[in-house]
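Coordinates in review
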Amino acid sequence: MEEIELFLDEAKELMQKAVDHTAAELVKIRAGKAMPNLLDGIYVQYYGSPTPLNQVSSVTTPDARTLAIKPFERNLISEIEKAIINSDLGLAPQNNGEIIILTIPALTEERRVQLVKQAKSECETGKISIRSVRKDTNESLRKLQKEGASEDAIKRAEEQVQKFTDSYSAKIDELLVKKEADIMKV
């Protein structure tokens, strides 16, 4: 039945979005290495409007523990510094008048454990989203059954939704394993 296929396609798409979102959130958890995407959530006041840092400057990694931020306009240095200080990154910017240097400190064992907990929390949130999609899709399928769809077709569709749920949950588990290894690697 065409409606069942639509529900299944939508469920698959929403579950993939949950996995993608979880992956994006995990990238924001720093693992002791300097990565330009560490600064993705930082916005700078640029002519009165908040603008993503990567749109007003170039961010490079001269070495594994350093980020260099070169603003496209010199007068933005103080705004960029302010934005970094006000962020929850806990980094102290240093500037030489032309570029801002961020030194990423080595992670302590305690901090690594905290970051792993944070990663697990993000992954659990992703799995909750997937289970929520499963629940909503199954409810929609049951409504179709009440409207006259065959019971067998609905059962098969629900089994398919469960397979999607298991598959996408496994993808999130893989993301967590990789991130955990990345964080705990000294």
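Structural notes, computed from the coordinates. (Residues numbered from 1 in each chain as written. Predicted model: local features only at pLDDT ≥ 70, side-chain atom pairs only at ≥ 80, totals over all residues. Heavy atoms only, no water.)

1. Description of the packing of helix H1 (residues 2-28) against helix H4 (residues 109-146)
- Where H1 contacts H4, the axes come no closer than 9 Å and their chain directions differ by 170°. Taken as axis vectors, H1 and H4 run roughly antiparallel relative to one another. Here Glu-3, Ile-4, Phe-7, Ala-11, Leu-14, Met-15, Ala-18, Val-19, Thr-22, Glu-25 and Leu-26 of H1 lie close against H4, whose contacting residues are Ala-119, Glu-122, Cys-123, Gly-126, Ser-129, Ile-130, Val-133, Arg-134, Thr-137, Ser-140, Leu-141 and Leu-144.
- By residue class, the composition of the contact of H1 with H4 is 14 nonpolar, five polar and four charged. (Axes fitted to C-alpha atoms, helices over the stretch in contact; angles between N-to-C directions. Helix = DSSP H or I, 4+ residues; strand = E, 2+ residues; numbered from the N terminus. Parallel < 35°, antiparallel > 145°, perpendicular 65-115°, else oblique. Contact = heavy atoms within 4.5 Å. Nonpolar A, V, L, I, M, F, W, Y, C, P; charged D, E, K, R; others polar.)

2. Notes on the nonpolar core
- Ile-4, Met-15, Ile-130 and Leu-141 are the most contacted members of the largest nonpolar core, which has 27 residues in total.
- Secondary structure elements with two or more residues in this core: H1, H4 and helix H5 (151-184).
- When residues in this core are grouped by element, the largest group, nine residues, is from H5.
- Sequence-distant contacts of Leu-141, that is, excluding residues within four places in its chain, are made with Ile-4, Phe-7, Ile-154, Ala-157, Glu-158 and Val-161.
- Ranked by size, the runner-up nonpolar core spans 20 residues in total, among them Leu-38, Leu-67, Ile-80 and Leu-91. (Core = buried A, V, L, I, M, F, W, Y, C linked by side-chain atoms within 4.5 Å. Buried < 20%, exposed > 50% of the residue type's maximum accessible area, 1.4 Å probe, protein only.)

3. Examining the layout of surface pockets
- Each pocket or cavity is described by its volume, and for the largest pocket that value is around 320 Å³.
- What lines the largest pocket is a set of 16 residues, among which Lys-28, Ile-29, Asp-88, Leu-89 and Gln-118 lie closest to the centre.
- Within the residue set of the lining of the largest pocket, elements represented by two or more residues are H1 and H4.
- In terms of residues, the lining of the largest pocket owes the most to one element, H4, which gives four residues.
- Its residues assigned to classes, the lining of the largest pocket shows five nonpolar, four polar and seven charged. (1 Å grid on protein atoms, 1.4 Å probe; cavity = no way out; pocket = protein on both sides within 12 Å on 5 of 7 lines; lining within 4 Å. Points joined across faces, edges and corners; volume = space filled by probe spheres on them.)

4. Quick look at the packing of aromatic side chains
- Evaluated as defined, the whole model comprises one aromatic pair.
- Between Tyr-46 and Tyr-47 the ring centres are 4.7 Å apart and the planes differ by 65°, which places this aromatic pair in the edge-to-face class.
- With a relative accessible area of 25%, Tyr-46 lands in the partly exposed category.
- A relative accessible area of 66% means that Tyr-47 is categorised as exposed. (Phe/Tyr/Trp six-rings, centres within 6.5 Å; stacked < 30°, edge-to-face > 60°.)

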